[in-house]
Amino acid sequence: MTSPLEILIHNTIAFVKEELAYAEGGHDWFHIERVYKNAILIAEKELVDLTVVRLAALLHDIADAKFNDGNDEIGPQTADNFLMTQDIPEATRNHVVQIIANVSFKGGKAVKTFHSKELEVVQDADRLDALGAIGIARTFNYGGFKNRKIYDPTIEPQLRMTPAEYKTSTAPTINHFYEKLLLLKDKMNTVAGKKIAQERHLFMEQFLAQFYAEWEGKK
């Protein structure tokens, strides 16, 4: 017999797949699925409410602000509207919505107003998908989606952007490595997340070394 929790997860997956059916390739259902798997893996080593972690991981990018005119409220609201149709405690629903509202990088400068172990797990899981081979692929996919230059040596990375400046940046894709991706290793919350991030960080450094060598015609 199917448990109420599994029915809830099934309903959530179906909702997310429908909502993200035409999403950009780095923020589609497959991104959600990877984050979901990462979150469950990390949660094995943490004392957390796994139901909250699973729901938040599935719904964390249901309406990303960068695809909705920078609106940071639409994601949490969309998730909340869906969860209100499901048979779950109000405290669980509110916790999931708070995680979604606080999970984003936002230039690494946003002040946290909410804290929980479940947020730490989902945040690490999401950040891991921005690292390593997948992270590199997603970064260039999004850069192409926004018609940005791959690299321009005359445009330096901006490391002191406000959340608003980060959100509206049109810098070349390579700059994003320095403005976000290479910073994530030191912003991980959990032991498991830090270990995986270290390995993926090293891969990105190796990629960049190869990239610059090829750019200069040295390899």
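Let us look at the structure shown here. Owing to the predicted nature of the structure, the values given are computational and were not obtained by experimental measurement. (Residues numbered from 1 in each chain as written. Predicted model: local features only at pLDDT ≥ 70, side-chain atom pairs only at ≥ 80, totals over all residues. Heavy atoms only, no water.)

## Brief notes about helix H4 (residues 74-83)
Move 1: Among the ten residues of H4, seven are classified as buried, and the element is accordingly described as predominantly covered.
Move 2: Looking only at H4, the buried set comprises Gly-75, Pro-76, Thr-78, Ala-79, Asp-80, Phe-82 and Leu-83.
Move 3: Elements in contact with the buried residues of H4: helix H1 (4-19), helix H3 (50-59) and helix H5 (90-102). (Buried < 20%, exposed > 50% of the residue type's maximum accessible area, 1.4 Å probe, protein only. Helix = DSSP H or I, 4+ residues; strand = E, 2+ residues; numbered from the N terminus. Contact = heavy atoms within 4.5 Å.)

## Examining the packing of H5 against helix H6 (residues 117-128)
Move 1: At their nearest, the axes of H5 and H6 sit 10 Å apart, and the two run at 45° to each other. Judged on the interaxial angle alone, H6 and H5 are oblique. Classified by chirality, the crossing of H6 by H5 is right-handed. Across the interface between the two elements, His-95, Ile-99 and Asn-102 from H5 touch Glu-118, Leu-119, Val-122 and Gln-123 from H6.
Move 2: Per-class residue counts for the contact of H5 with H6 are three nonpolar, three polar and one charged. (Axes fitted to C-alpha atoms, helices over the stretch in contact; angles between N-to-C directions. Parallel < 35°, antiparallel > 145°, perpendicular 65-115°, else oblique. Left-handed = near helix turned anticlockwise from the far one by under 90°. Nonpolar A, V, L, I, M, F, W, Y, C, P; charged D, E, K, R; others polar.)

## Section: the pattern of salt bridges
A side chain of one charge can pair with a side chain of the opposite charge if their charged atoms are brought near each other.
Move 1: On inspection of all chains with the given rule, the structure shows nine salt bridges.
Move 2: Across the salt bridge formed by Asp-129 and Arg-34, the nearest N and O atoms sit 2.7 Å from each other. With Asp-129 in the loop between H6 and helix H7 (132-145) and Arg-34 in helix H2 (residues 29-43), the pair connects residues that are 95 residues apart, well separated along the chain.
Move 3: A relative accessible area of 24% means that Arg-34 is categorised as partly exposed.
Move 4: Look at the salt bridges and you will find they share partners, linking Arg-34, Asp-129 and Arg-138 into a network. (Salt bridge = Lys/Arg side-chain N within 4 Å of Asp/Glu carboxyl O.)

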